[in-house]
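Per-entry structural report
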Amino acid sequence: MGRAHADYAVLAPPPEHSNTRRLRRVQLLKRVLDCLISALALAAAALALHGIDSTSKLPFKTFAPPSLSSAIIFFGGPSPPPVRGFLLCTVGAWLVGAAITTASPLFGPDNDTRAILSAATLLFYFKMSGEFFVPTFGLASALLTAQAAPVTAGPLQALRFLVSPWLAGHCALYAAAAVASRLRRQARVRLKRWEVQLGLRAGGALGRERDLRSIFARFDTSGNGFLEAGELKYALKAATGLEPSLEDCETLISMIDTDGDHVLALHEFVQLVTEEDLSERALSEAAKRAFSGGTGSLSGVPEPTRSLPSRGNDTHQVSR
């Protein structure tokens, strides 16, 4: 019986470390919080536009249901996509929708045929332009259906629909998505620092300073005694198994960098991955520094930077 119990003890998996469980909870919390902020921001922006239209206080409309497809794209990514793709595809979708609407007597009452022809024509346009903002098909579809019935009276009404509610509503949704993206980034970076620290504690020996020195030296590829954002990205991945984005690494540097040189010295790297948490004042200052317009200072005035050794090509890439 004792032998069997001993064999079971050998074969049984070791108990999960408390820091590992906390790390998984933080990772889940980070994902849930990011998704929740995105969803709530989209709903708030769309409901606000719908409410404004309901009061009839503005001389134009700002909300159309087809714009919700675009809103999912605006709010879904880390930040809203470049405006160029949306504008090019909007122009194409409007031209296609207006042209087919004008030629509607040729198709009779068959809306399905017009929609199929619009989709095929837009696909050709998307491929030729190299831009694929698919939700703009909603604009062409709106011009073909009863949802935009006044549009069928002529091209002037189609142009009005393009300006309002299509472009007016999309401008408001894009601005709201940009604000939500900034809030999501602040929340993500604060949780990322906690995640990094838990990852190191869960790794046991990796938390010792001598191991951090080894990791620092390995990924200081320029040999100047500092870690830039690209180097920090791979150093954190090697130390914890986490893979922060380059943008997150830049913000992490701004949170811990004490001398304003936008790189991490060894003692700053050790502080980043071993300190339990930052005070509320430090978090506030870090957020202001990260989002004060890229100046790196709380007042908006660039801080002086000290001279650094030559690094050769500043655009070098780290590969591991």
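Since we're looking at a predicted model, the values are computed, not measured.

**Thoughts on the packing of helix H4 (residues 83–102) against helix H5 (residues 111–129)**
When two helices pack together, their arrangement is captured by the angle between the axes and the distance separating the axes. It is the contact of H4 with H5, at a shortest axis distance of 10 Å, that shows an interaxial angle of 145 degrees. Of the two elements, H4 crosses H5, and the hand of that crossing is right-handed. For the pair formed by H4 and H5, the contact residues are Leu 88, Cys 89, Gly 92, Ala 93, Val 96 and Ile 100 on the first element and Arg 114, Leu 117, Ser 118, Thr 121, Leu 122, Tyr 125 and Phe 126 on the second. A per-class count over the contact of H4 with H5 returns nine nonpolar, three polar and one charged.

**Structural notes on the nonpolar core**
Counting 31 residues, the largest nonpolar core has Phe 74, Phe 75, Trp 94, Leu 122, Leu 139 and Leu 173 as the members making the most contacts within it. Beyond its immediate chain neighbours, meaning those up to four positions away, Phe 74 contacts Ser 79, Pro 80, Pro 81, Phe 86, Phe 133, His 170, Leu 173, Tyr 174 and Ala 177.

**Let's talk about the confidence of the model for the protein chain**
Across the protein chain, the average pLDDT comes to 74, with 68% of residues at 70 or higher. Predicted confidence for residues 1–16 stays below pLDDT 50, and this span has two contacts to residues more than four positions away or in other chains. For residues 147–152, every residue scores under 50 in pLDDT, and the model assigns this stretch twelve contacts once sequence neighbours within four places are set aside.

**A closer look at empty space enclosed by the protein**
Following the criterion strictly, the structure yields two cavities of 30 Å³ or more and no others. For the second largest cavity, the calculated volume is near 40 Å³. The residue inventory of the lining of the second largest cavity, partitioned by class, reads four nonpolar, no polar and four charged.

**Some words on the environment of Ile 253**
Relative to the elements of secondary structure, Ile 253 occurs in helix H10 (residues 246–256). C-alpha of Ile 253 to C-alpha of Leu 227: the two residues are 26 residues apart in sequence and 9.3 Å apart in space. Those residues within four positions of Ile 253 in sequence are excluded, and the remaining contacts are Leu 227, Glu 228, Ala 229, Leu 232, His 262, Val 263 and Leu 264.

**Some details on unusual backbone geometry**
Look at the link from Ser 164 to Pro 165: it is a cis peptide, with omega at 20 degrees. Structurally, the position occupied by Pro 165 is in helix H7 (residues 155–202). Look at Ser 56: it is not a glycine, yet its phi comes out positive at around 60 degrees. Within the fold, Ser 56 resides in the loop between helix H2 (18–55) and helix H3 (67–76).

**Considering a nonpolar patch on the surface**
Together, Ile 52, Leu 58 and Phe 60 line one region of the surface with nonpolar side chains, adding up to about 230 Å² of accessible area. Topologically, Leu 58 is positioned in the loop between H2 and H3. Residue class for Leu 58 comes out partly exposed when judged on its relative accessible area of 37%.

Definitions and limits used
Residues numbered from 1 in each chain as written. Predicted model: local features only at pLDDT ≥ 70, side-chain atom pairs only at ≥ 80, totals over all residues. Heavy atoms only, no water. Axes fitted to C-alpha atoms, helices over the stretch in contact; angles between N-to-C directions. Helix = DSSP H or I, 4+ residues; strand = E, 2+ residues; numbered from the N terminus. Left-handed = near helix turned anticlockwise from the far one by under 90°. Contact = heavy atoms within 4.5 Å. Nonpolar A, V, L, I, M, F, W, Y, C, P; charged D, E, K, R; others polar. Core = buried A, V, L, I, M, F, W, Y, C linked by side-chain atoms within 4.5 Å. Buried < 20%, exposed > 50% of the residue type's maximum accessible area, 1.4 Å probe, protein only. pLDDT = per-residue confidence, 0-100. 1 Å grid on protein atoms, 1.4 Å probe; cavity = no way out; pocket = protein on both sides within 12 Å on 5 of 7 lines; lining within 4 Å. Points joined across faces, edges and corners; volume = space filled by probe spheres on them. Patch = residues over 30% accessible without salt bridge, like charges linked within 9 Å, V, L, I, M, F, W, Y side chains within 5 Å. Areas by Shrake-Rupley, 256 points an atom, 1.4 Å probe, with all protein chains shown as cover. Salt bridge = Lys/Arg side-chain N within 4 Å of Asp/Glu carboxyl O.

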